[in-house]
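# Coordinates in review
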Amino acid sequence: MSNVILVGYMGCGKSTVGKRLSYRMKMPYTDTDKEIEKKQGTTISLIFKEQGETAFRDMETECLKRLFEYKQDYVIAVGGGLPMREENRSLMRKLGTTVYLRAKPETIYERLKDDTTRPLLQGENPQEKIRSMINQRSPFYEEAADVVIDVDGKSFDEIMDEIEEAVSK
Ligand code: S3P
C-alpha cells in the first residue's frame, strides 16, 4: 500500500498539511481522530473523560486496522499519541510511507495555547507538559518515520514541497 501517513505532536500541522497535500497529490484525506469521532458519535474530549485514555488508544489501533480495507491510497493524519504503540508502528509500516512533522516545543505552545480540544494539555503548566511529552515521544516518532521534516518557520507550501519530493523517491 502507498498511503502517506503524517505523524507528529499535537499542533505540528498534520491535518492542515494533510488536507492540502491530499489536494495536491490527488489522493483522498482522512484523519484518525475524525474517524474515531464519527464512529463513536462523540468528541475526543468526551471519549477521554467518559471512557478513559486506554479505551481511546484501543480505538486508534482499530481505526488503523480499518484503513487496510480502503480501496484507494489516502493521505492520513494520525493522532499525536498513536505512534507510541509498537503495534501501531508496525501497522503504519504496512500502510505506506510515514512522514514525521517535527516541531519545536515553542512552536507547538504558540499554536495550542488557547486550544481546548486536546484533553492532555488542559492541566497546569502546558509549556512544561509539551516539552516533556515531546522529549519522551520523539524517539517513537523517529522510529515510525521514513522521512523527517522540520516544520518550524516554514510555510505550508515549503513543507509540502519537501514531503512530495521525499515520498516520490
Ligand atoms: C493526542 C493527540 C490528539 C488526539 C488526542 C490525544 C496525543 O490528536 O488524538 O487528543 O496523545 O498526542 P492531534 O495530534 O491530531 O492533536
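Residues numbered from 1 in each chain as written. Predicted model: local features only at pLDDT ≥ 70, side-chain atom pairs only at ≥ 80, totals over all residues. Heavy atoms only, no water.

To continue, consider the site of the ligand. With respect to spatial proximity, 15 residues lie near the ligand, and among them K14, D33, R57, R118 and R137 are the closest. G80 is positioned such that a nitrogen or oxygen atom in its backbone is 2.8 Å from an oxygen atom of the ligand. For the ligand, an oxygen atom lies 2.7 Å from a polar atom in the side chain of R137. Its free accessible area being 380 Å², the ligand has 94% of it covered by the protein chains. Here the shell around the ligand takes three residues from helix α4 (residues 53-67), the largest share from any one element. (Near = heavy atom within 4 Å. Polar contact = N/O pair within 3.5 Å; in protein donor to acceptor, adjacent residues only side chain to side chain. Areas by Shrake-Rupley, 256 points an atom, 1.4 Å probe, with all protein chains shown as cover. Helix = DSSP H or I, 4+ residues; strand = E, 2+ residues; numbered from the N terminus.)

Let us look at helix α8 (residues 156-167). Since one α-helical turn is 3.6 residues long, residues separated by three or four positions face the same way. Under the 1.5 Å per step criterion, the end-to-end length of α8 is 16 Å for twelve residues, consistent within 8% with the ideal 16 Å. Listed as buried for α8 are I159, M160, I163 and V167. Projection of α8 onto a plane perpendicular to its axis shows the buried side chains occupying an angular sector of 95°, all on one side. On its buried face, α8 sits against β1 (3-7), α1 (14-25), β4 (96-102) and β5 (147-150). (Expected span 1.5 Å × (residues − 1). Buried < 20%, exposed > 50% of the residue type's maximum accessible area, 1.4 Å probe, protein only. Arc of directions from axis to C-beta. Contact = heavy atoms within 4.5 Å.)

Interpretation in functional terms is not warranted from these geometric data alone.
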